[in-house]
Amino acid sequence: MLPEQVQQLRRLTLQISGSPWYESLRLLYSLPGLQIQLDAVAFSACMNACEKGSKWDCSLHLYDQMPLRRVEADLFCCNAAIHACSKGEGGDAWQIAVEALHEMQEASDADVVSFSSVIAAIGVAQHWQQATAVLNLMSEGQVSANTVAYLNTITAYKKSRWEMLVALPYHREESLCNAAAASIPWFHAMNMLADMQLCRIRVSPITTQAVIGSCERDMQWLQALHVMRSIHTLQVVADERAYNAAMSACQSSSASQGASSLLKDMRRNRISQSCSATLWSLARLGEDDVQMATATTAAVSRASCELRSEVLSPQHLAMLAWSITVLGVANLEFLELLSKQAMLQSSRFTLEELRHLLWGLAAQEATEGVTVAILHLQRNALHRFRTLNLALLAAEKRKAMEDDILNILWASNFAGMLSVHVRCLAERLFQRFARSLDRSPSPESSAAIPPLGAGRPKIVLDLDDRMVMLKPAGWEVCDGNVGRQLRGLLSGFSTLRSADHDHGFLHRVDVPCSGLILFAKSFRAFYDLQVQLRAGEIRRDYLVLCHGWMPSDRSVEANIDTRGDPTRTGRLGKPSRSFIKLAAHALGAFGVATMIIVRIATGRRHQIRSHVAFIGHPVVRDEKFTAWQTQVDDFLFCDRVFLHRYSLMFKDSRGELQAATNTLPADLTLPLSKLTPKSPRFAAPLQRWQSGTMAWDEKIERPDGPFKL
């Protein structure tokens, strides 16, 4: 090539290296048209750009194209291709990397980067045996293993063979000790911390965070506190990250007092904390007292100032949006500033950050700025959905990605702004993955349920790939907290074996209550129903008898804090919404009562019981939300909580609407016969409840004339 062509090639190569993957490909393939010969440097730059854009398969395609373009692959190109395989989760990416390494070994070209990249690709697939084999190959090939190689090996070990980490020769490497401490059980991590001191290996803040993280994973919050209390003896300065890690360990174990004491320690020791981290900690703490409310107000004020004066990172914006919703903060100026920055940086958010951001904005007042931001963020999510293939992801990351997608659907629907395109693309994404799961061998699809008697579960509606079952009071769906489990009565369905898919069940009904439960016989049905549920297309109606005379129909929109037992409705917690239709007023031996029909828009734990108690009308015979004296009277009236999910409406595999209904069980109709209607107008609803069910759209005669439920 001429000197000017060489200069132009180098200039274009730099441009290729710094461009998005699709622009890099365009530039690379435009070079022959400019009479510029392609070389290994240009291919290597384009492969690196594709890898950065998570297009590992494009990097490998370029590597395969090099011989066809008469370009000899050098060491950098080979390493770029192997390193791209480390971004290909699942599938055969790691096997491709191993094959490429063997080819390089035959040519005596493999170096420590080649081996480390192959181990990284194997680590993503979590094949610890292969990682060990490649690590041994390094010594056979007279290539010295470095810190990166050991770190990548630790990644391959940590999920299944943590005990072998102790045998790795990391003892003199601080970074390896830190990585291992984050991967092994808490007691080994604590021992490693002591060994590091004996061997005079520096203990850094990263080390303490790793050990505390191990304690959090194993729900050992007291041990995490012990590390924090003894941190000065390790000659480590306790910083914001160490405190955040310890608070997270306490919060994961519902040890709010420990987290609260750490938060106070930070203030006492004057350790600065970003406003987003402060609000995140307060939201996870869930303490509703004057001191925490004051701290929340101060943190929101600081965050507003930061939003006005600087550009916050996507992570901080997502944390702020999630936190203010959980804390019940309503600040319109703050929301407008947050929404504006979110739109400007929408392309920089990860899918998880998009989820938290949309989740936080969805429950806020629908101002113009919030509305525009939600619609804009949905368009960004749509672009992300198009590039996803769940089948290529490792199990843990795939589960997290599924949760992100479903929560984006839920948040958009809760805000009343769910895009049809987002919903349809999410459905196609899940169905493509579900087909691969349903192709795996499984027993014949048949339900086995023993002979039924009174008070036993039964099938109410049986379709080709989904069914509706009746769960009696005293039974649990699938969580294993009580002896009688619905899933124990079924057999022959592949979904039953998958805990990641809730054993095929779409939702729950509290153990002391009864009602209809949706079950998916196949993974395609499961994901179809999940999308319907998050998009607000499944109707769930309940018959409830509550204390007092409720004056009229109403909706309850209040946060529910599900971290305790019982749950708490109020300012803190997750956004929740229930619609209540008044059916009849009645009198009983325990006092006055109201019969209501409830339709839920969200499905929080104890939602209906918590919501009606919050407005002053607890469910009859509910021990969690009523005073002791009330419970004594209720015990004489009814044997269990007076709540029954009587109706489900959803779409079948052909998209046709299906409705399943169930009459009140005998343990509720008998107590109902003891009630006296407040007036003759309420006699008919009472009678219909005893003989069947009340429909949401049924007309009821009221003192002010008929109205439609």
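Residues numbered from 1 in each chain as written. Predicted model: local features only at pLDDT ≥ 70, side-chain atom pairs only at ≥ 80, totals over all residues. Heavy atoms only, no water.

S.K.: Sorry if this is basic, but what is going on with a positive patch on the surface here?
M.R.: Among the surface-exposed residues, R386, R428, R432, R435, R439 and R524 lie close enough to one another that they form a single positively charged patch. Here the element with the most residues in the positive patch is helix α23 (residues 420–438); it accounts for 3 residues. Mapping R439 onto the fold places it in the loop between α23 and β1 (458–462). (Patch = residues over 30% accessible without salt bridge, like charges linked within 9 Å, V, L, I, M, F, W, Y side chains within 5 Å. Areas by Shrake-Rupley, 256 points an atom, 1.4 Å probe, with all protein chains shown as cover. Salt bridge = Lys/Arg side-chain N within 4 Å of Asp/Glu carboxyl O. Lys, Arg positive; Asp, Glu negative; His and termini not counted. Charge placed at Lys NZ, Arg CZ, Asp CG, Glu CD. Helix = DSSP H or I, 4+ residues; strand = E, 2+ residues; numbered from the N terminus.)

S.K.: Looking at this structure, I do not really get unusual backbone geometry. What am I missing?
M.R.: For residues besides glycine, phi is generally negative; the peptide bonds are generally trans as well. Its identity is not glycine, yet R270 carries a phi of approximately 55°, on the positive side. When you line up the elements, R270 lands in the loop between α15 (256–268) and α16 (275–285).

S.K.: I would appreciate a short explanation of the side chain of T296 in the present structure.
M.R.: Examined against the element boundaries, T296 turns out to sit in helix α17 (residues 290–309). Note on T296: relative accessible area 6%, which makes it buried. Dropping the residues within four chain positions of it, T296 is found in contact with L279, L282, L327 and V329. (Buried < 20%, exposed > 50% of the residue type's maximum accessible area, 1.4 Å probe, protein only. Contact = heavy atoms within 4.5 Å.)

S.K.: Got a minute to help me understand the pairing of strand β2 (residues 466–471) in this structure?
M.R.: If a strand is regular, its side chains alternate between the two faces of the sheet. Within β2, 6 of the 6 residues are buried, which leaves the element mostly enclosed by the surrounding structure. Side chains of β2 alternate between two faces, with R466, V468 and L470 and M467, M469 and K471 buried alike. In sequence, β1 turns back onto β2 through a hairpin of 3 residues. Sheet topology places β2 next to strand β3 (residues 514–520); 6 bridges connect them, and they run antiparallel. Note that in β3 the partner of R466 across the bridge is A520. (Pairing = 2+ DSSP bridges.)

S.K.: Would you mind showing me how to read empty space enclosed by the protein here?
M.R.: Over the atoms rolls a probe the size of a water molecule, and in doing so it shows where empty space is left. One pass over the structure, following the stated rule, counts 1 cavity of 30 Å³ or more. In this model, the largest cavity occupies a volume close to 50 Å³. Taken together, L282, G286, E287, M292, T296, L327, R571 and L572 form the lining of the largest cavity. In the lining of the largest cavity, the residues fall into 4 nonpolar, 2 polar and 2 charged. (1 Å grid on protein atoms, 1.4 Å probe; cavity = no way out; pocket = protein on both sides within 12 Å on 5 of 7 lines; lining within 4 Å. Points joined across faces, edges and corners; volume = space filled by probe spheres on them. Nonpolar A, V, L, I, M, F, W, Y, C, P; charged D, E, K, R; others polar.)

S.K.: Can you walk me through the environment of Q530 in this structure?
M.R.: Looking at the secondary structure, you find Q530 in helix α24 (residues 523–534). Q530 sits in the buried class, given a relative accessible area of 6%. In this structure the C-alpha to C-alpha distance between Q530 and A520, which are 10 residues apart in sequence, comes to 9.8 Å. When neighbours within four sequence positions are excluded, Q530 is seen to be in contact with L406 and L506.

S.K.: Just checking my understanding: could you explain the nonpolar core for this structure?
M.R.: Among the nonpolar cores identified, the biggest contains 114 residues, and M228, L361, F385 and I405 are the most heavily contacted of them. With near-sequence residues (within four places) excluded, F385 lies in contact with L351, I405, I408, V422, L425, A426 and L429. The next biggest cluster of nonpolar side chains, apart from the first, holds 51 residues, and it includes L486, I517, I600 and L672. (Core = buried A, V, L, I, M, F, W, Y, C linked by side-chain atoms within 4.5 Å.)

S.K.: Looking at this structure, how should I read the environment of N407?
M.R.: Position of N407 among the secondary structure elements: in helix α22 (residues 395–414). Taking relative accessible area as the criterion, N407 reaches 14% and is therefore assigned buried. When the C-alpha positions of N407 and E352 are compared, they lie 9.5 Å apart, and in sequence the two are 55 residues distant. Those residues in contact with N407 that sit more than four places away from it in its chain are R355, W359 and R534.

S.K.: Explain the side chain of Q345 to me, please; I cannot follow it from the model alone.
M.R.: Positionally, Q345 belongs in the loop between α19 (332–344) and α20 (351–362). In this structure Q345 comes out as buried when scored by relative accessible area, which is 6%. A distance of 2.7 Å separates the side chain of Q345 from the backbone oxygen of L312, its partner in a polar contact. Those residues in contact with Q345 that lie beyond four places of it in its chain are V311, L312, S313, P314 and L317. (Polar contact = N/O pair within 3.5 Å; in protein donor to acceptor, adjacent residues only side chain to side chain.)

S.K.: Got a minute to help me understand the packing of aromatic side chains in this structure?
M.R.: The geometry of an aromatic ring pair is captured by two quantities: the separation of the ring centres and the angle between the planes. Under the criterion given, the structure shown has 10 aromatic pairs. Between the aromatic rings of F526 and Y527, the centroid separation amounts to 5.6 Å while the plane-to-plane angle is 85°, which identifies the pairing as edge-to-face. Of the two residues examined, F526 and Y527, each falls in the buried class. Chaining the aromatic ring pairs together yields one cluster made of W280, W322, W359, W410 and F414. Its end group placed over the ring of F414, R577 keeps NZ or CZ at 3.9 Å from the ring centre. Over the face of the ring belonging to F635 we find R621, whose NZ or CZ atom lies 3.8 Å from the ring centre. (Phe/Tyr/Trp six-rings, centres within 6.5 Å; stacked < 30°, edge-to-face > 60°. Lys NZ or Arg CZ within 6 Å of the ring centre and 35° of its normal.)

S.K.: Help me understand the pattern of salt bridges in this model?
M.R.: Pairs can form between side chains of opposite charge once their charged atoms are near each other. Under the criterion given, the structure shown has 25 salt bridges. With a shortest N-O distance of 3.0 Å, D479 and R508 are connected by a salt bridge. Here D479 is found in the loop between β2 and β3, whereas its partner R508 is found in the loop between β2 and β3, with 29 residues between them in sequence. With a relative accessible area of 29%, R508 lands in the partly exposed category. A salt bridge links K624 to D565; the shortest N-O distance between them is 2.8 Å. One end of the pair, K624, is in the loop between α25 (607–614) and α26 (628–637); the other, D565, is in the loop between β6 (559–561) and β7 (568–570), and 59 residues separate them in sequence. For K624, a relative accessible area of 35% puts it in the partly exposed group. Connected through shared salt-bridge partners, R229, D265 and R268 make up one network.

S.K.: In this structure, what is going on with the packing of α15 against α17? I would like to understand it.
M.R.: A packed helix pair is summarised by two numbers, namely the angle formed by the two axes and the spacing between the axes. Remark: α15 packs on α17, axes separated minimally by 13 Å, with the N-to-C direction vectors making an angle of 55°. Accordingly, the angle class assigned to the pair α15 and α17 is oblique. You can see that α15 and α17 cross each other, and the crossing is left-handed. Residues S260, L263, K264 and R267 of α15 pack against Q291, M292 and A295 of α17. Among the residues making up the contact of α15 with α17, the classes are represented as 3 nonpolar, 2 polar and 2 charged. (Axes fitted to C-alpha atoms, helices over the stretch in contact; angles between N-to-C directions. Parallel < 35°, antiparallel > 145°, perpendicular 65-115°, else oblique. Left-handed = near helix turned anticlockwise from the far one by under 90°.)

S.K.: Would you explain the state of the cysteines in this entry?
M.R.: Two cysteines joined by a covalent bond between their sulfur atoms form a disulfide. Under the defined criterion, the tally for this structure stands at 0 disulfides. Of all cysteine sulfurs, the one in C78 lies closest to C77, which takes part in no disulfide; the gap is 6.9 Å. (Disulfide = S-S within 2.5 Å.)

S.K.: What's the story with helix α3 (residues 40–52) in this structure? I'm lost.
M.R.: Think of an α-helix as 3.6 residues a turn; residues three or four steps apart then line up on the same face. Spanning 13 residues, α3 covers 18 Å between terminal C-alpha atoms, matching the ideal 18 Å at 1.5 Å per step. For α3, the complete set of buried residues consists of A40, A42, F43, S44, A45, C46, M47, A49, C50 and E51. (Expected span 1.5 Å × (residues − 1).)

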